[in-house]
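# Fold and geometry: a report
Spelled out, the chains give:
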Amino acid sequence: MKLSSEQKLAFKWLDDGENFFITGGAGCGKSYLIDAIAKSEQIYKQMTVTASTGIAAYLLNRSTVHSFAGIETGTKSDDYYIRYMHPEVHKRWLQTDILIIDEISMINAETFDLLHRLGCKIRKCEDELFGGIQVIVCGDFYQLKPIDGKYAFQSSIWKQYIVKVLNLTTCFRQKDDLQFFNVLNELRLGQVSADSIEYLTKRHFIDEDSINDEYTRLFFRNLSVQFYNHKKMKDIKYKEFTFYSKDVIRDPKATALFRIP
């Protein structure tokens, strides 16, 4: 996929050393753009890509921002984190020139401020964001919000330093079905038109037999997931096999993370 004119603007801001926020609806290429930035060559600059949650970090093949910063759940004091910070974490803070945080909507304002204070103290620079690290945040505040606290954009630090916003509007994922794309955007904004309601109603199945087996199913409760999986497993007519694994610790000095009874 080629970069749109909107996405190319991000690379200009990246080269200019700007702190900025990438946002937009589903299918507008936010993740693609973050990946393209992460893979770009930044001569003499060290880039670190993180995400707010473990799942998002796994999809990026990166770490969480909490792990990068050494702040665990982010509920303790600045002095505590600095006093007990692992040398490798301290080194990361000093060596990182560009920090990307994906799925920023789940980071609250308190954590964002904490990251700024730690960056300033560790890097001994009080008048720049995160102590002089170029920060690129990405996400959609219409999606998942922080578990507690205010949104990151409500932070005074955010308002002072994140002044550039790149709002992606070009559709990539649903480009062959622009009506569906428009419906998704209306749902995102909570302003669903009568035409969109009619469009969705036509795709409402009232019984299990009318649903194509290739469709992905989403359930609200784990019990419903287990029930459906059990039903599909029973439909398999082949003989069942059970395989047992055996774990072997080759390094006698290795320490176990979990104790198995």
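Residues numbered from 1 in each chain as written. Predicted model: local features only at pLDDT ≥ 70, side-chain atom pairs only at ≥ 80, totals over all residues. Heavy atoms only, no water.

A few words on the overall build of the protein. For the protein, the helix and strand inventory stands at 11 helices and six strands. For a compact globule of 261 residues, the expected C-alpha radius of gyration is about 18 Å, and the protein comes in at 23 Å, more than 25% above that figure. For the protein, the spread of C-alpha atoms along the three principal axes comes to 65 × 60 × 35 Å. Pairs at least 24 residues apart make up 69% of the contacts formed inside the protein by residues separated by at least 6 positions. (Helix = DSSP H or I, 4+ residues; strand = E, 2+ residues; numbered from the N terminus. Rg over C-alpha atoms; globule rule 2.2 N^0.38 Å. Contact = heavy atoms within 4.5 Å.)

Per the counting criterion, the structure on display carries 13 aromatic pairs. Relative to Phe 141, the ring of Phe 21 lies with its centre 5.4 Å away and its plane at 55°, an arrangement referred to as tilted. In this pair, Phe 21 sits in strand β1 (residues 20-24) while Phe 141 sits in the loop between β5 (134-138) and α8 (156-161), placing the two residues 120 residues apart along the sequence. With relative accessibility at 15%, the residue Phe 141 sits in the buried group. On the numbers, 4.8 Å between centres and 75° between planes, the contact of Phe 141 with Phe 153 is edge-to-face. Here Phe 153 lies in the loop between β5 and α8 and Phe 141 lies in the loop between β5 and α8, a separation of 12 residues in the sequence. Residue class for Phe 153 comes out partly exposed when judged on its relative accessible area of 35%. Through successive ring pairs, a cluster of aromatic residues spans Phe 21, Phe 112, Phe 130, Phe 141, Tyr 151, Phe 153 and Trp 158. (Phe/Tyr/Trp six-rings, centres within 6.5 Å; stacked < 30°, edge-to-face > 60°. Buried < 20%, exposed > 50% of the residue type's maximum accessible area, 1.4 Å probe, protein only.)

In this section: the environment of Ser 155. Along the chain, Ser 155 turns up in the loop between β5 and α8. Of the residues examined, Ser 155 reaches a relative accessible area of 2% and is grouped as buried. Placed 42 residues apart in sequence, Ser 155 and Asp 113 show a C-alpha to C-alpha distance of 6.9 Å. Contact partners of Ser 155, with chain neighbours within four places excluded, come to Ala 109, Phe 112 and Asp 113. One polar contact links Ser 155 to Asp 113, side chain to side chain, over a distance of 2.4 Å. (Polar contact = N/O pair within 3.5 Å; in protein donor to acceptor, adjacent residues only side chain to side chain.)

Here we take up a nonpolar patch on the surface. The grouping of Leu 187, Val 192, Ile 197 and Leu 200 at the surface amounts to a nonpolar patch, some 300 Å² of accessible area in total. Along the chain, Val 192 turns up in the loop between α9 (178-189) and α10 (194-201). (Patch = residues over 30% accessible without salt bridge, like charges linked within 9 Å, V, L, I, M, F, W, Y side chains within 5 Å. Areas by Shrake-Rupley, 256 points an atom, 1.4 Å probe, with all protein chains shown as cover. Salt bridge = Lys/Arg side-chain N within 4 Å of Asp/Glu carboxyl O.)

A few words now on the nonpolar core. With 29 residues, the main nonpolar core has Trp 93, Ile 104, Phe 112, Phe 130, Val 137 and Trp 158 as its most contacted residues. Of all the secondary structure elements, the ones that give two or more residues to this core are α4 (65-69), α6 (87-95), β4 (98-102), α7 (109-123), β5 and α8. It is α7 that provides the largest number of residues to this core, a total of five residues. Judged by nonpolar contacts, the second largest core, of 21 residues, contains Ala 38, Leu 166, Leu 168 and Phe 181. (Core = buried A, V, L, I, M, F, W, Y, C linked by side-chain atoms within 4.5 Å.)

All right, on to the confidence of the model for the protein then. In the predicted model, the protein carries a mean pLDDT of 87, and 93% of its residues have values of at least 70. Mean pLDDT per element in the protein: helix α3 (residues 54-60) is the minimum at 64, and α7 is the maximum at 97. Confidence drops under a pLDDT of 50 for residues 257-261, and excluding neighbours within four residues, the segment shows zero contacts in the predicted structure. (pLDDT = per-residue confidence, 0-100.)

Moving on, we get to the sheet that holds strand β3 (residues 63-64). Taking strand neighbours across the sheet as the criterion, the six strands line up as β3-β2-β4-β5-β1-β6 in an open arrangement whose pairing is parallel. Edge positions in the open sheet fall to β3 and β6 (164-168), since each of these has one partner strand only. Note: strand β2 (residues 47-51) against β3, two bridges, orientation parallel. Across the sheet, Ala 51 pairs through a bridge with Thr 64, a residue of β3. Sheet strands in contact with helix α1 (residues 5-15) are β1, β4, β5 and β6, and its direction is about 155° off that of β6. (Pairing = 2+ DSSP bridges. Axes fitted to C-alpha atoms, helices over the stretch in contact; angles between N-to-C directions.)

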